[in-house]
Amino acid sequence: MNRILIPLFILIFLPLQACALTNDFLTDKFLSGRIFEKPETNTDYDFTDIERIPIKLQVTQDISTRDEMLQEGQTVNLKSRSNVYYNEKIIVKRNEPVSAKIELIVDSGMNGIPYYIYLNDFKFQNLPSSKIHANYQKSGWNRTYWVLPLKWALTPLPPTGSLTNFIKGGHAKISTNDIITVYYYPNWK
């Protein structure tokens, strides 16, 4: 048996190694002539400093995936819920306008997978964006938890188990009552 498997292994995997060593014509074609700069690394930063200040925000009007005009890259208007202090100074005032962008909208899928909305790129009036860490997501109603058991329960009846594939998840909605927390890192450079 080993006499058959070893030559078969060599015949299959040796050409794969040879292909891996050759040049990729697509990368040569599309990346030739382009200059890529190295990203700037901050070697002076003390990565043990984890001081952060939470800033609570809310949207000024409801955002929902039901809205057909909602697009990725769209600007969203928010406002701060309260005054935020750092070293006994106000860094963000109550009701101060803040903007963010819709980074990604994920459509709902089969078997109850919901819609998702991702907000990012928060811009404050008096705070540098490089010191803000925020990534907010909101999902719709996840129906997977009852669709999959129903699907497996109906599997013995041939067509009915497959019909549950067409049940989609719920729409995502960010309402004015939702609290969006972003973090300000004052010691970041």
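What comes next concerns the included structure. (Residues numbered from 1 in each chain as written. Predicted model: local features only at pLDDT ≥ 70, side-chain atom pairs only at ≥ 80, totals over all residues. Heavy atoms only, no water.)

Notes on the overall build of the chain
Secondary structure assignment for the chain yields four helices and eleven strands. Here the C-alpha atoms of the chain give a radius of gyration of 26 Å, more than 25% beyond the 16 Å that 2.2 N^0.38 yields for 189 residues. By principal-axis analysis of the C-alpha atoms, the chain measures approximately 80 × 55 × 35 Å. The buried share among the 189 residues of the chain stands at 29%. If you take every contact in the chain between residues at least 6 apart in sequence, the share linking residues at least 24 apart comes to 66%. By element, 57% of the accessible surface of the chain is carried by carbon and sulfur atoms, the whole surface being about 13900 Å². Side chains of the chain carry 21 positive and 18 negative charges; the gap between the two charge centres is 6 Å. (Helix = DSSP H or I, 4+ residues; strand = E, 2+ residues; numbered from the N terminus. Rg over C-alpha atoms; globule rule 2.2 N^0.38 Å. Buried < 20%, exposed > 50% of the residue type's maximum accessible area, 1.4 Å probe, protein only. Contact = heavy atoms within 4.5 Å. Areas by Shrake-Rupley, 256 points an atom, 1.4 Å probe, with all protein chains shown as cover. Lys, Arg positive; Asp, Glu negative; His and termini not counted. Charge placed at Lys NZ, Arg CZ, Asp CG, Glu CD.)

Focus on the environment of Asp-67
For Asp-67, the location among the structural elements is in the loop between strand S2 (63-64) and strand S3 (75-80). We classify Asp-67 as partly exposed; its relative accessible area is 40%.

Here's the deal with the sheet that holds strand S9 (residues 136-139)
What the seven strands build is an open sheet, ordered S8-S11-S1-S3-S6-S7-S9; its pairing is antiparallel. The open sheet terminates on both sides in strands that have one partner only, identified here as strand S8 (132-133) and S9. Pairing of S8 with strand S11 (residues 180-184), which is carried by two bridges, proceeds in the antiparallel orientation. Within S11, the residue paired with His-133 across the bridge is Tyr-183. (Pairing = 2+ DSSP bridges.)

Details of the pattern of salt bridges
Per the stated rule, a full pass over the model turns up three salt bridges. Here Asp-121 makes a salt bridge to Lys-123, at a shortest N to O gap of 3.2 Å. (Salt bridge = Lys/Arg side-chain N within 4 Å of Asp/Glu carboxyl O.)

Considerations on unusual backbone geometry
Residues other than glycine seldom take positive phi values, yet Glu-88 does so here, at roughly 60 degrees. Along the chain, the position of Glu-88 falls in the loop between strand S4 (84-86) and strand S5 (89-92). Owing to a relative accessible area of 81%, Glu-88 belongs among the exposed residues under this scheme. Phi is positive for Asp-121, close to 60 degrees, though the residue is something other than glycine.

Concerning a nonpolar patch on the surface
On the surface, a nonpolar cluster with roughly 800 Å² of combined accessible area is contributed by Leu-5, Ile-6, Leu-8, Phe-9, Ile-10, Leu-11, Ile-12 and Phe-13. With respect to the secondary-structure elements, Phe-9 resides in helix H1 (residues 2-21). (Patch = residues over 30% accessible without salt bridge, like charges linked within 9 Å, V, L, I, M, F, W, Y side chains within 5 Å.)

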